[in-house]
Amino acid sequence: MRGLEWRVRIALREPCPLLADGACGIFEARPLSCRGFASFSAEACQRAYDALTDDVMIPQPYANVRSALESALRAALKACTLPAVSYELTGALSKALADSDAEARWLEGETVFDPDSIDRSADAATEFQREVILDTVIAAARGEAPR
């Protein structure tokens, strides 16, 4: 899926590699990217699936909580000098499962995942805003005034 536009990914209809018998095989430990996308309408999800779109109304509280959790996670990663980026899930998962040392090497600061699999879809202004938010969260967690 790496390098493919979202619409192309949808059109391929590739099932998530974590599905087991039609259900999430890691539901209790599912990634944040999965947790934040919720719908109260199976019909709306089916319409979006049939139309090859991701146009499903996500309740605003879910979107807000997902955004806050993502910022907190990225801030924690940045504070620990680990990459505070999002990787394409399928490629990163394949790498992590194929290499039993991947986690330890990543925690030591080694580049484990393909840099080409980093999500770079945000524009420069959004990236700048994200960095300001991360720095503010880190400063607050340390009891410091934001810079």
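Residues numbered from 1 in each chain as written. Predicted model: local features only at pLDDT ≥ 70, side-chain atom pairs only at ≥ 80, totals over all residues. Heavy atoms only, no water.

Enquirer: Would you mind showing me how to read the overall build of the chain here?
Expert: Counting secondary structure elements, the chain contains 7 helices and 2 strands. Its helices and strands in sequence order give the chain the pattern α-β-β-α-α-α-α-α-α, from N to C terminus. Dimensions of the chain along its principal axes, counting C-alpha atoms only, are 50 × 35 × 30 Å. The buried share of the chain, taken over its 147 residues, is 18%. By sequence separation, contacts in the chain at least 24 residues apart represent 52% of the contacts at least 6 residues apart. By element, 57% of the accessible surface of the chain is carried by carbon and sulfur atoms, the whole surface being about 10600 Å². Put simply, the chain has 16 plus and 23 minus side-chain charges, and the middle of one group is 3 Å from the middle of the other. (Helix = DSSP H or I, 4+ residues; strand = E, 2+ residues; numbered from the N terminus. Buried < 20%, exposed > 50% of the residue type's maximum accessible area, 1.4 Å probe, protein only. Contact = heavy atoms within 4.5 Å. Areas by Shrake-Rupley, 256 points an atom, 1.4 Å probe, with all protein chains shown as cover. Lys, Arg positive; Asp, Glu negative; His and termini not counted. Charge placed at Lys NZ, Arg CZ, Asp CG, Glu CD.)

Enquirer: Help me understand the packing of aromatic side chains, please; the structure alone is not making it clear to me.
Expert: A ring pair, where both rings are aromatic, is described by two values, the distance of the centres and the angle of the planes. Using the criterion set out here, one finds 2 aromatic pairs in the structure. Summarising the aromatic geometry, the rings of Tyr87 and Phe113 are spaced 5.0 Å apart at their centres and angled 50° between planes, so their arrangement reads as tilted. On the criterion of sequence distance, the pair formed by Tyr87 in the loop between α4 (60-79) and α5 (89-98) and Phe113 in the loop between α6 (102-107) and α7 (124-141) is long-range, its members being 26 residues apart. Since its relative accessible area comes to 14%, Phe113 is described here as buried. Positioned above the aromatic ring of Tyr49 is the side chain of Arg13, whose terminal nitrogen or guanidinium carbon lies 3.8 Å from the ring centre. Positioned over the ring face of Phe27 is Arg30, at 3.8 Å from the centre of the ring. (Phe/Tyr/Trp six-rings, centres within 6.5 Å; stacked < 30°, edge-to-face > 60°. Lys NZ or Arg CZ within 6 Å of the ring centre and 35° of its normal.)

Enquirer: So what exactly am I meant to see when it comes to the environment of Thr136 here?
Expert: Among the secondary structure elements, Thr136 is positioned in helix α7. Thr136 sits in the partly exposed class, given a relative accessible area of 34%.

Enquirer: What exactly am I supposed to notice about the environment of Asp114 here?
Expert: Positionally, Asp114 belongs in the loop between α6 and α7. Overall, the relative accessible area of 30% leaves Asp114 in the partly exposed class. Remark: the alpha-carbon pair of Asp114 and Gly91, spanning 23 residues in sequence, is separated by 8.4 Å. Among the polar contacts listed, one links the side chain of Asp114 to the backbone nitrogen of Asp116, at a separation of 2.9 Å. (Polar contact = N/O pair within 3.5 Å; in protein donor to acceptor, adjacent residues only side chain to side chain.)

Enquirer: Would you mind going over the nonpolar core with me for this structure?
Expert: When a protein is soluble and globular, its nonpolar side chains tend to lie buried together. Formed by Leu77, Leu82, Ala84, Ala92, Ala102, Trp106, Val112 and Phe113, the largest nonpolar core amounts to 8 residues. Those residues in contact with Leu82, other than ones at most four positions away along the chain, are Leu77, Trp106 and Leu107. (Core = buried A, V, L, I, M, F, W, Y, C linked by side-chain atoms within 4.5 Å.)

Enquirer: Can you walk me through unusual backbone geometry in this structure?
Expert: Glycine aside, the phi torsion of most residues is negative, and most peptide linkages are trans. Notably, Arg13 is not glycine yet its phi reads approximately 55°, a positive angle. Within the secondary structure, Arg13 is located in the loop between α1 (6-12) and β1 (19-20). Given the relative accessible area of 34%, Arg13 is considered partly exposed. Of note, Leu52 is a non-glycine position whose phi angle comes to about 55°, a positive value. In this structure, Leu52 sits in the loop between α3 (42-50) and α4.

Enquirer: Explain the state of the cysteines to me, please; I cannot follow it from the model alone.
Expert: Simply put, the disulfide is a covalent bond whose two ends are the sulfur atoms of two cysteines. Scanning the entire structure with this criterion turns up 0 disulfides. Here Cys16 is not cross-linked by a disulfide; its sulfur's nearest cysteine counterpart is in Cys34, at 5.9 Å. Its relative accessible area of 34% is what places Cys16 among the partly exposed residues. On the accessibility criterion, Cys34 (33% relative accessible area) is partly exposed. (Disulfide = S-S within 2.5 Å.)

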